[in-house]
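A look at the structure
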Amino acid sequence: MAGKPFNLVIVGVGGQGIITMANVLASAAVAKGHNAIVAETHGLSQRGGTVIVHVRLGEAEAPLIMEGKADLLIALEATEALRYASYLARGAPAIVDSRLIRPPLPNVEMPSLEEVYRALEEAGIRVFKTNAVEKAEEFGNPQGANMYLLGYGLAVNGYGGYVDASSIEEAIRQKVRNPEANVKVFRAGYEDGLRAKQ
Amino acid sequence: MAHREVLSEPGKRILMLGNVAIARGALEYGIGFASAYPGTPSSEIVEALSYAARKLGRPYVEWSVNEKVALEAAYGAALTGVASLAAMKHVGVNVAADPLFSSAYTGVEAPFVVVSADDPGMHSSQNEQDNRWYGVHAYIPVVEPAGAQEAKRAVIEAYHISERFHSPVILRSTTRIGHTRVPVETGEIDLEKLEPRGEFRKNIERYTLIPAHARKLRVELVEKWEEIAEWFSKHPLNEAEGPEDSSVLVVGVGLGYTYAKEALRELDLDGKVRLLKIQTPVPPPSRLLLEEAEGRDKVFFVEEGEPVVETLAKSAFYDAGIKARVAGKSNGYITKIGELTLDKVLPGLARFLGIEYSLPDKPKVTLNAPPRPPVLCPGCPYRAVFYALRRAVGKARVKPVYTGDIGCYSLGVLPPFEMQDTIVEMGGSIGLANGMAHVAEDQVPIAIIGDSTFFHAGMPGLANAVYNKAPMLVVVLDNRTTAMTGHQPHPGVGVTAMGEETAELDPRRVAEAYGIEYVALTNAFDIKGQEKVFYEALEYVKKERKPALVVARGACILLAIANARRAGVKYTVYTVDEDKCIACGLCYKAFNCPAIIPKENGKVYIDPLLCTGCGECAQICPVNAFKPVEEPDPEWIKIMATAKPR
């Protein structure tokens with residue numbers, strides 16, 4: 001299937017499971033016979049620092065997404081959406097989780113969640129607001145916030161049609177610890193996403 | 001990390017990290033030996049090979065003490081008739097440069113590939129050097145894959161080139177090749193070809209580089225270089241696409257090809273101008289470049305790093321009288337700073353071609369994100385070491401110069417500690433202190449070096465300090481692993497890359513053997529205990545004007561957690577007694593554990609998702625407001641001291 005690649009940036013803080021999330025999505029696309037390119041952050045930057053992972057599905061060549069060209073941004077930490085919003089294409093949505101992680105530096109000014117959401121919306125971005133950690137906790141799996149958001153994203157714009165729910169669930173079973181618990185969280189995210197989109 | 005996908009069955013299409021694809025390529029070609037010192041962005045190559053070796057019993061794989069030894073070991077194996085690989089990050093090649101240059105002169109018996117993983121953009125490095133220049137400098141051919149999607153093929157071709165010319169070959173990767181995941185088609189792995197056995201055949205005129213021999217080999221080397229350039233001009237790794245009569249030629253070198261291709265797509269020129277993919281940048285395939293540039297008006301180069309091929313091609317064009325205008329990084333059409341992105345390539349290409357182009361419209365957010373540099377993890381033993389060391393320095397009334405080094409503890413450069421006054425290279429802590437100790441008036445150098453870094457490049461500096469009587473305090477931060485690069489074992493922890501038990505080298509015993517009189521060991525998680533030892537050590541250095549060494553030992557908390565999980569041991573998170581907390585701010589202003597979060601009223605809470613149960617906060621709080629949720633398991637306390645990588 002030639003055609004426009006789907007460009008996704010996933011952002012957050014080192015240790016939130018962002019690489020796993022990207023890996024699951026890309027594996028699902030590859031299992032369906034498509035191409036995928038995932039540019040990751042490893043090493044030094046992983047230690048609680050800011051993380052951006054570029055996921056490109058379909059006929060893409062280069063690993064990095066150009067600013068202004070992402071079809072979707074998923075932020076596992078709200079303020080990180082501010083840092084990387086410039087990757088979004090005009091009219092493309094962002095899924096921004098309510099989790100705020102204060103950088104452990106003395107005297108850091110931390111914006112409130114309301115300020116973050118307002119700033120993104122004032123820039124013309126359609127923001128989907130999520131509570132992924134709480135939702136994942138409802139399934140006794142607070143580490144599953146990433147899978148919740150993966151499901152939510154599928155509902156919001158389908159990742160360009162390169163994957164579907166069953167291919168992602170299969171990839172979760174192959175790549176993630178406690179697969180069944182994570183599949184449940186993924187489904188919950190998908191359903192909440194569908195509701196929010198209406 | 002295991003990287004199990006490196007052993008996926010043949011005939012599949014599997015999502016793999018570029019570094020794992022490199023390892024897979026080496027296995028499919030058939031190597032018998034691999035060595036490395038870990039370094040981002042190279043580490044996963046030998047991690048994946050280590051996984052394969054444990055499963056298959058071959059090839060032989062080792063974590064060497066440093067890059068020089070890794071390169072020498074693989075070079076030695078290749079001289080003994082066993083195909084080999086040495087992998088390192090770009091600055092590691094500086095450490096290994098001496099044998100690298102010699103390897104070009106002697107050549108090799110069996111194929112030998114050195115993987116140099118460059119880090120444009122400096123995601124995890126101190127500089128942005130482009131190691132293709134090493135190829136030019138040392139007369140070693142360089143292969144550079146056009147993205148992770150070509151990495152497996154490129155490494156296999158690199159071995160064929162090495163085999164054909166009996167020359168070492170550099171495989172130049174970059175962060176966006178090694179750390180990019182793509183689908184890879186798996187081929188067969190032949191166990192026979194992974195056999196790590198060979199025989200060294202004496203050849204004195206070739207393998208002993210005394211001047212009389214080296215002079216003859218120099219003649220051979222220069223002649224061979226021409227032959228290789230000619231071979232590369234018809235090598236299938238390089239190919240041209242698009243109309244032959246195009247007035248423009250775009251040359252995409254390595255990963256640069258992917259950006260060139262997408263830039264042309266974006267400008268609606270894909271298939272309308274000539275595009276040349278180069279994956280053998282050094283020596284540049286001159287005849288191919290001349291043939292492709294001949295008769296065209298403009299030639300545009302896109303390459304990751306420095307304008308290496310562009311510069312060399314320009315010189316060839318001049319000699320051949322080619323008049324085409326040439327642009328790229330050599331003349332500002334693409335910036336030399338940072339890694340390639342389409343945002344950098346597109347405007348330059350459009351300008352050169354005289355096309356109107358403006359970058360896509362993007363959202364402008366007026367609120368800034370807070371700064372978020374990488375930090376010491378919650379529960380990192382090094383936080384306790386820095387805290388205790390700072391107090392000891394104050395108490396001993398010394399003016400410290402904290403010479404720092406490369407590892408997780410480099411993060412001690414950040415507030416609130418700011419206890420890394422220099423960070424330059426592996427081993428530089430003790431190295432620089434050797435000079436400062438003799439010339440800095442009233443200041444005491446405190447060299448802060450990690451365990452793996454101590455074995456890598458700290459030992460010669462320490463021997464020098466003893467020999468030349470350089471007063472300094474050396475603090476070895478021993479977290480029982482090479483942590484920053486992903487928890488590889490090292491000579492101090494008693495396990496090899498093959499998963500075998502081995503001797504544990506102890507920095508204390510090294511120091512004692514060197515003749516250092518003040519040598520001590522502390523528990524890195526025990527703040528008061530180590531403060532006392534640091535104080536004594538500083539007093540000793542002041543009084544005796546000789547070096548002292550303290551090993552602060554405590555496992556990387558992430559490693560401890562992984563060990564505990566396997567042993568079925570749970571750690572206990574800590575919590576805050578609100579009534580006791582006096583909102584003094586010590587724990588978030590002077591100690592700064594990421595799990596301790598201040599509230600509006602200045603009091604704090606602990607984020608249970610971040611807390612790792614290290615118990616350091618309970619030691620620093622003046623009013624004992626921190627408490628474990630339940631009594632910590634003694635097994636957990638033991639694992640914090642003894643955990644080690646597998």
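**Considering the overall build of chain A**
- A tally of regular secondary structure across chain A gives 7 helices and 6 strands.
- Reading chain A from its N terminus to its C terminus gives the helix and strand order β-α-β-β-β-α-β-α-β-α-α-α-α.
- Relative to the compact-globule value of 16 Å for 198 residues, chain A shows a C-alpha radius of gyration of 16 Å, a close match.
- Projected onto its principal axes, the C-alpha coordinates of chain A cover approximately 50 × 40 × 35 Å.
- A buried classification covers 67% of the 198 residues belonging to chain A.
- Expressed as a percentage of contacts within chain A between residues at least 6 apart in sequence, the contacts between residues at least 24 apart total 64%.
- Surface accessibility of chain A: about 7,000 Å² in total, with carbon and sulfur atoms responsible for 45%.
- The centroid of the 20 positive side-chain charges in chain A is displaced by 2 Å from the centroid of its 22 negative side-chain charges.

**Description of the pairing of strand 10 (residues 248-253) of chain B**
Residue and element names in this part refer to chain B.
- By the criterion of burial, strand 10 is predominantly enclosed, with 6 of the 6 residues buried.
- In this structure, strand 10 lies alongside strand 12 (residues 298-303), joined through 6 bridges in parallel fashion. Across the sheet, Val 251 pairs through a bridge with Phe 301, a residue of strand 12.
- Direction of pairing for strand 10 relative to strand 11 (residues 274-278): parallel, over a ladder of 5 bridges. Its bridge partner lying in strand 11, Val 251 is registered against Leu 276.
- Once the chain exits strand 10 it traverses helix 11 (residues 256-266) before rejoining the sheet at strand 11, and the crossover so formed is right-handed.

**Description of the confidence of the model for chain B**
- Of all residues in chain B, 100% attain a pLDDT of 70 or more, and the chain-wide mean is 97.
- The secondary-structure element of chain B with the lowest mean pLDDT is strand 20 (residues 596-598) of chain B, recorded at 93, while strand 6 (residues 142-143) of chain B shows the highest, at 99.

**Details of the sheet that holds strand 8 (residues 180-185) of chain B**
- Pairing in this open sheet of 8 strands is mixed, and the strands run 6(A)-5(A)-4(A)-1(A)-3(A)-2(A)-8(B)-1(B) from one edge to the other. Whereas interior strands pair on both sides, the edge strands pair on one side only; in this sheet they are strand 6 (127-130) of chain A together with strand 1 (13-17) of chain B. Strand-to-strand, the axes of this sheet are offset by a mean angle of 20 degrees, without reference to chain direction.

**Description of the pattern of salt bridges**
Residues and elements named next belong to chain B.
- On inspection of all chains with the given rule, the structure shows 50 salt bridges over all chains.
- Note that Arg 172 and Glu 144 form a salt bridge whose closest N and O atoms lie 2.6 Å from each other. Taken together, the residues Arg 172 in strand 7 (residues 169-174) and Glu 144 in the loop between strand 6 and helix 7 (151-165) connect sequence positions 28 residues apart. Each member of the pair, Arg 172 together with Glu 144, is buried.
- Through salt bridges with shared partners, a single ionic network connects Asp 118, Asp 130, Arg 132, Glu 144, Arg 172 and Glu 303.

**Quick notes on the state of the cysteines**
Residues and elements named next belong to chain B.
- This model, assessed by the stated rule, comprises 0 disulfides over all chains.
- We note that Cys 377 lacks a disulfide partner, and the nearest cysteine sulfur, in Cys 380, lies 6.3 Å from it.
- Cysteine Cys 581 remains unbridged, with the sulfur of Cys 587 as its closest cysteine sulfur at 6.5 Å.
- Classification of Cys 581 by relative accessible area gives buried; the value is 10%.

**Overview of the domain arrangement of chain B**
Residues and elements named next belong to chain B.
- Considered domain by domain, chain B is made up of domain 1 (4-233), domain 2 (239-353), domain 3 (381-554) and domain 4 (573-630).
- Of note, the centres of domain 1 and domain 3, computed from C-alpha atoms alone, are 33 Å apart.
- Taken together, the contacts link 20 residues of domain 1 with 18 residues of domain 3.
- Considering only the surface of domain 1 that becomes buried against domain 3, Tyr 37, Arg 54 and Trp 63 emerge as the three largest contributors, covering 35% of it.
- The interface formed by domain 1 and domain 3 holds 0 salt bridges in total.
- The interface formed by domain 1 and domain 3 holds 8 residue pairs in polar contact (both at pLDDT 80 or more) in total.
- Considering only residue class, the side of domain 1 that touches domain 3 consists of 9 nonpolar, 7 polar and 4 charged.

**Quick word on the interface of chain B and chain A**
- Contacts between the two partners involve 63 residues from chain B, matched on the other side by 63 residues from chain A.
- The contact between chain B and chain A buries some 5,300 Å² in all, and 59% of this surface belongs to carbon and sulfur atoms.
- For the interface between chain B and chain A, the tally reads 9 salt bridges.
- For Glu 262 of chain B, the salt bridge identified is with Arg 56 of chain A, shortest N-O distance 2.9 Å.

**Thoughts on helix 5 (residues 145-157) of chain A**
All names here are of chain A.
- Between its first and last C-alpha, helix 5 extends 19 Å over 13 residues, near the 18 Å set by a 1.5 Å rise per residue.
- Counting buried positions along helix 5 gives 12 out of 13 residues, so the element sits mostly inside the fold.
- Every buried residue of helix 5 is listed here: Ala 145, Asn 146, Met 147, Tyr 148, Leu 149, Leu 150, Gly 151, Tyr 152, Gly 153, Leu 154, Ala 155 and Val 156.
- Backbone geometry just downstream of helix 5 places Gly 158 in the positive-phi region, at approximately 70 degrees.

**Side note on helix 1 (residues 18-29) of chain B**
Residue and element names in this part refer to chain B.
- Over its 12 residues, helix 1 runs 16 Å from end to end, which matches the ideal 16 Å to within 8%, given 1.5 Å per residue.
- Within helix 1, 12 of the 12 residues are buried, leaving the element largely enclosed by the surrounding structure.
- Listed as buried for helix 1 are Gly 18, Asn 19, Val 20, Ala 21, Ile 22, Ala 23, Arg 24, Gly 25, Ala 26, Leu 27, Glu 28 and Tyr 29.
- Just beyond helix 1, the residue with positive phi is Gly 30, at close to 110 degrees.

**Points about the sheet that holds strand 16 (residues 473-478) of chain B**
All names here are of chain B.
- Taken together, 5 strands build an open sheet; the order of strands is 14-15-16-18-17 and the sheet is parallel. In this open sheet, the two strands that pair with only one neighbour each are strand 14 (399-403) and strand 17 (518-523). Each strand of the sheet is rotated relative to its neighbour by a mean of 20 degrees, with strand direction disregarded.
- Sheet topology places strand 17 next to strand 18 (residues 548-553); 6 bridges connect them, and they run parallel. Paired with Leu 521 across the strands is Val 551, a residue of strand 18.
- Sheet strands in contact with helix 15 (residues 381-396) are strand 14, strand 15 (443-450), strand 16 and strand 18, and its direction is about 160 degrees off that of strand 16.

**Here's the deal with the environment of Leu 82 of chain A**
- Within the element layout of this structure, Leu 82 of chain A appears in helix 2 (residues 78-84).
- For Leu 82 of chain A, a relative accessible area of 7% puts it in the buried group.
- Leu 82 of chain A sits 14 residues away from Val 96 of chain A along the chain, and the two C-alpha atoms are 9.8 Å apart.
- Not counting residues up to four positions away in its chain, the partners in contact with Leu 82 of chain A are Pro 111, Val 116, Ala 119 and Leu 120 of chain A together with Val 365, Leu 367, Asn 368 and Ala 369 of chain B.

What counts and what doesn't
- Residues numbered from 1 in each chain as written.
- Chains lettered and ligands numbered in written order.
- Predicted model: local features only at pLDDT ≥ 70, side-chain atom pairs only at ≥ 80, totals over all residues.
- Heavy atoms only, no water.
- Helix = DSSP H or I, 4+ residues; strand = E, 2+ residues; numbered from the N terminus.
- Rg over C-alpha atoms; globule rule 2.2 N^0.38 Å.
- Buried < 20%, exposed > 50% of the residue type's maximum accessible area, 1.4 Å probe, protein only.
- Contact = heavy atoms within 4.5 Å.
- Areas by Shrake-Rupley, 256 points an atom, 1.4 Å probe, with all protein chains shown as cover.
- Lys, Arg positive; Asp, Glu negative; His and termini not counted.
- Charge placed at Lys NZ, Arg CZ, Asp CG, Glu CD.
- Pairing = 2+ DSSP bridges.
- Right-handed = clockwise from strand over helix to strand, strands pointing away.
- pLDDT = per-residue confidence, 0-100.
- Axes fitted to C-alpha atoms, helices over the stretch in contact; angles between N-to-C directions.
- Salt bridge = Lys/Arg side-chain N within 4 Å of Asp/Glu carboxyl O.
- Disulfide = S-S within 2.5 Å.
- Domains from an automatic or database assignment.
- Buried area = accessible area lost by both parts, 1.4 Å probe.
- Polar contact = N/O pair within 3.5 Å; in protein donor to acceptor, adjacent residues only side chain to side chain.
- Nonpolar A, V, L, I, M, F, W, Y, C, P; charged D, E, K, R; others polar.
- Expected span 1.5 Å × (residues − 1).

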